[in-house]
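What follows is the residue order along each chain.
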Amino acid sequence: MRYLIIGAGAVGGAVGGRLAESGHDVVLVARGAQYEALRERGLRLVTPEGPRTHHLPTVDGPGALGELRADDVLVLAVKTQDSVAALEAWSPAPVAGGGTAAERLPLVCAQNGVESQRLALRRFRRVYGVCVWLPATFVEPGVVSAAGAPLTGILHLGRFPHGTDDTARAVAADLTASRFEAPVVADVTRWQYAKLLANLANAVEAVSGVTDTEEAAALTARVRAEGEAVLAAAGIPYVSVEEQKEARAGKMRLVPLDGTPVRGGGSSWQSLDRGTGTIEADYLNGEIALLGRLHGVPTPLNDLLQRLAGDFARARRAAGSMPVSELVRLAAAAAVHAPASAATGGSGDAAPRVG
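Described in the following lines is the structure provided in the data block. Residues take numbers from 1 onward in each chain, read along the sequence in its written order. Owing to the predicted nature of the model, reporting of local features is limited to residues with pLDDT of at least 70; listing and counting of side-chain atom pairs is limited to 80 or more, with chain, interface and lining totals taken over all residues. Derived side-chain values reflect all non-hydrogen atoms in the structure, with water molecules and hydrogen atoms excluded from consideration.

## Notes on the side chain of lysine 195
Counting from the N terminus, the helices are DSSP H or I runs at least four residues long and the strands are E runs at least two residues long. Considering the arrangement of structural elements, one finds lysine 195 in helix α7 (residues 188-199). By the criterion applied in these results, polar contacts are pairs of N or O atoms within 3.5 Å in which, for protein atoms, one can donate a hydrogen and the other can accept it, and in which residues neighboring in sequence qualify only through two side-chain atoms. For lysine 195, the side chain forms a polar contact with the side chain of asparagine 112, separated by 2.9 Å.

## Examining the pairing of strand β12 (residues 153-159)
Residue exposure (1.4 Å probe, protein chains only): buried if accessible area is under 20% of the type maximum, exposed if over 50%, otherwise partly exposed. Counting buried residues along β12, six of its seven residues qualify, which places the element largely inside the surrounding structure. Direction of pairing for strand β8 (residues 127-133) relative to β12: antiparallel, over a ladder of six bridges. By the bridge assignment for β12, tryptophan 133 is matched with isoleucine 154. Looking at chain direction, β12 and strand β13 (residues 180-181) are connected through two bridges and run parallel. Across the sheet, the residue bridging to glycine 153 is phenylalanine 180, located in β13. Pairing between two strands is assigned when DSSP locates at least 2 bridges connecting them.

## Section: the sheet that holds strand β9 (residues 136-140)
Spatial strand order, β4-β3-β10-β9: four strands in an open sheet with mixed pairing. Both outer strands of the open sheet, β4 (50-54) and β9, are each paired with one neighbouring strand and no more. Ignoring strand direction, the axes of neighbouring strands in this sheet form an average angle of 25 degrees. As paired strands, strand β3 (residues 43-47) and strand β10 (residues 143-146) are joined by three bridges and run parallel to one another. Among the inter-strand pairings, valine 46 is bridged to a residue of β10, identified as serine 145. Think of each axis as a best-fit line through the C-alpha atoms, taken over the contacting stretch in the case of a helix, with angles from 0 to 180 degrees between the N-to-C directions.

## Details of empty space enclosed by the protein
As defined here, a cavity is a set of points on a 1 Å grid over the protein atoms alone where a 1.4 Å probe fits but cannot get out. A pocket is an open set with protein on both sides within 12 Å along at least five of seven lines, and residues line them when an atom is within 4 Å of a point. Grid points are joined across faces, edges and corners, and a volume is the space filled by probe spheres set on the points. Taken as a whole and assessed by the stated rule, the structure comprises three cavities of 30 Å³ or more. Lining the largest cavity are Tyr3, Val15, Leu19, Val75, Val108, Ala110, Val130, Leu155, Leu157, Val171 and Leu175. Elements that contribute at least two residues to the lining of the largest cavity include exactly α1 (10-21), β12 and α6 (166-176).

## A short note on the packing of helix α9 (residues 214-234) against helix α12 (residues 285-295)
The interhelical angle for the contact between α9 and α12, taken along N-to-C directions, is 45 degrees, at an axis separation of 9 Å. Taken together, α9 and α12 sit at an angle that is classed as oblique. By crossing handedness, the relation of α9 to α12 is classed as left-handed. Within the contact between the two elements, α9 uses Val223, Glu226, Gly227, Val230, Leu231, Ala233 and Ala234 and α12 uses Asn285, Ile288, Leu291, Gly292 and His295. Class assignment for the residues of the contact of α9 with α12 results in seven nonpolar, four polar and one charged. In what follows, roughly perpendicular refers to angles from 65 to 115 degrees, roughly parallel to angles under 35, roughly antiparallel to angles over 145, and oblique to any angle outside these ranges. Note: crossing handedness is left-handed where the near helix turns anticlockwise from the far helix by less than a right angle, and right-handed where it turns clockwise. Note on contacts: a residue pair is in contact if any heavy atoms of the two residues lie within 4.5 Å. Just so you know the grouping, Ala, Val, Leu, Ile, Met, Phe, Trp, Tyr, Cys and Pro go in nonpolar, Asp, Glu, Lys and Arg go in charged, and all remaining residues, Gly too, go in polar.

## Observations concerning the sheet that holds strand β6 (residues 72-76)
Sheet strands line up and pair through hydrogen bonds in the backbone, either parallel or antiparallel. Pairing within the open sheet is mixed, and its eight strands lie in the order β5-β2-β1-β6-β7-β8-β12-β13. With partners counted over all chains shown, the strands left at the sheet margins are β5 (58-59) and β13, one partner each. In the sheet, strand β7 (residues 107-109) pairs with β8 via three bridges, with the strands oriented parallel. Bridging from a neighbouring strand, cysteine 109 pairs with glycine 129 of β8.

Laid out in structure tokens, this is it:
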């Protein structure tokens, strides 16, 4: 199979580079400065084994490839806010032998949150979800670091919305041969919702720069509690903290890398640090806000973090530039002024909580 990595940033670059190292056919897809750097200098992947430069075919869209191959696998690794544009570009791409990518090729969503695979399923017949545990950093255009050892990451993989098949198993086998653990699971969304709960803290880190102080940890716990309440009300199952720890136990540690940060902040922090003008909070904290409104559960803290993260991104404010004490003050005010119920229809009664 040939892997087309749509979004060769931190996660996409690490996955594409590792697949190439194990002998797989890889094409990188990027835009702007990243596209230019990858075309001119190749992908420099820095890992605990040292830096390597991979000179891989690099394109900025499907037109440069002509007809796609029948054995191509599309790996969507852009941020969720960029998914619609990517899906619109790639879904009508012609495939050798007839038909389009949307009709014939598998699309693997290696992204945070749960929205992209829903968007993908509107266009693509075969969609696969991935729960991404991969500590990777976009260092600069053309350079990506991945500090995990001995595994680079753990990628639970399954058909979306549920199930497994031979394609999932084949992709998992290639990832397993490329320094990843890739369990094939029939309930991939159960793992993704667990990761979503952890990702709710991304906005705290992006805005205030820290998650490990006592103040930040207490706020993060309250933000997560809102998320858990919403998932319970919606009847959405997720993997427990204990099951996640068991799945990761002893398999991956972070190793200091010469000349690059071990972990330059999470994905949301990196978006602000790069001044991209966008951030994925609408699909992390915003997912909880959406479910809260649908099921009558107030989510004032996630509402606040979604708004603040978006404001930071649009204004290109520096990552971590709000003192955590100020963030805590704003959170306290938001909680005080939150309505007793977010239910619609005017009754004021929250929807019954399930599970």
